[in-house]
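Here is what each chain is made of, one letter per residue.
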Amino acid sequence: QVQLVESGGGLVQAGGSLRLSCAASGRTPSTYTMGWFRQAPGREREFVAGISWAGGRTDYADSVKGRFTISRDNAKNTVYLQMNSLKLEDTAVYYCAAAFATMTPRAREYDYWGQGTQVTVSS
């Protein structure tokens, strides 16, 4: 079992920045692929970013490329999502997830999920 706890969400103006954190605990979380997903009201959960267990490979949704950066610190069992140049359409609940699988954008391949943290971007 792996437990995931997100933090760092909040209210920010368009163009601003936030950094989300995901603290992992339990069974060797550093060996998992980690991902960030988001879900806006009335929409399906969508992939935002992913990072391989060693951090050498990352992937991003087209909508966030160049604005968001995923990173991980395995010594701290923590994954981060730095979000810059935030837009109104980035408003959503953001979820951290862990997968046994190699890096993937498919939510169904993730085995563990956090409870989510709300990000609201205002004009």
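Residues numbered from 1 in each chain as written. Predicted model: local features only at pLDDT ≥ 70, side-chain atom pairs only at ≥ 80, totals over all residues. Heavy atoms only, no water.

1. Description of the pairing of strand β8 (residues 78-83)
Here's step 1: The buried fraction of β8 is high, at five of six residues.
Here's step 2: Here strand β7 (residues 68-73) runs beside β8; their pairing, made up of six bridges, is antiparallel. By the bridge assignment for β8, Ile-70 is matched with Leu-81.
Here's step 3: Between β7 and β8, which pair antiparallel one after the other, the connecting turn spans four residues, and Asn-77 there sits at a positive phi close to 50°. (Buried < 20%, exposed > 50% of the residue type's maximum accessible area, 1.4 Å probe, protein only. Helix = DSSP H or I, 4+ residues; strand = E, 2+ residues; numbered from the N terminus. Pairing = 2+ DSSP bridges.)

2. Focus: the nonpolar core
Here's step 1: Ranked by internal contacts, the top residues of the largest apolar core, which has 30 residues, are Leu-4, Met-34, Trp-36, Leu-81, Met-83 and Tyr-94.
Here's step 2: Going through the elements one at a time, β1 (2-7), β3 (18-26), β4 (33-39), β5 (46-51), β7, β8, β9 (92-99) and β11 (117-122) are the ones with two or more residues in this core.
Here's step 3: The contact partners of Met-34, leaving out residues within four places of it in the chain, are Leu-4, Cys-22, Ala-49, Gly-50, Ile-51, Ile-70, Arg-72, Val-79, Cys-96, Ala-97, Ala-98 and Tyr-110.
Here's step 4: Judged by nonpolar contacts, the second largest core, of five residues, contains Phe-47, Ala-97, Ala-99 and Tyr-110. (Core = buried A, V, L, I, M, F, W, Y, C linked by side-chain atoms within 4.5 Å. Contact = heavy atoms within 4.5 Å.)

3. Some words on unusual backbone geometry
Here's step 1: Backbone geometry at Asn-77 places phi at a positive 50°, although glycine is not the residue there.
Here's step 2: Topologically, Asn-77 is positioned in the loop between β7 and β8.
Here's step 3: With a phi angle near 50°, Ser-85 is a residue other than glycine that sits in the positive phi range.
Here's step 4: Tracing the backbone shows Ser-85 in the loop between β8 and β9.
Here's step 5: Note on Ser-85: relative accessible area 41%, which makes it partly exposed.

4. Thoughts on the packing of aromatic side chains
Here's step 1: Tallied over the full model, the rule gives seven aromatic pairs.
Here's step 2: Aromatic pair Tyr-32 and Phe-100: ring centres 4.9 Å apart, planes at 40°, arrangement tilted. In this pair, Tyr-32 sits in the loop between β3 and β4 while Phe-100 sits in the loop between β9 and β10 (112-113), placing the two residues 68 residues apart along the sequence.
Here's step 3: By relative accessible area, Tyr-32 is classed as buried at 2%.
Here's step 4: Relative accessible area serves as the criterion here: at 58%, Phe-100 is assigned to the exposed category.
Here's step 5: Aromatic side chains Phe-100 and Tyr-112 sit 6.4 Å apart centroid to centroid with 65° between the ring planes, which places their arrangement in the edge-to-face category. (Phe/Tyr/Trp six-rings, centres within 6.5 Å; stacked < 30°, edge-to-face > 60°.)

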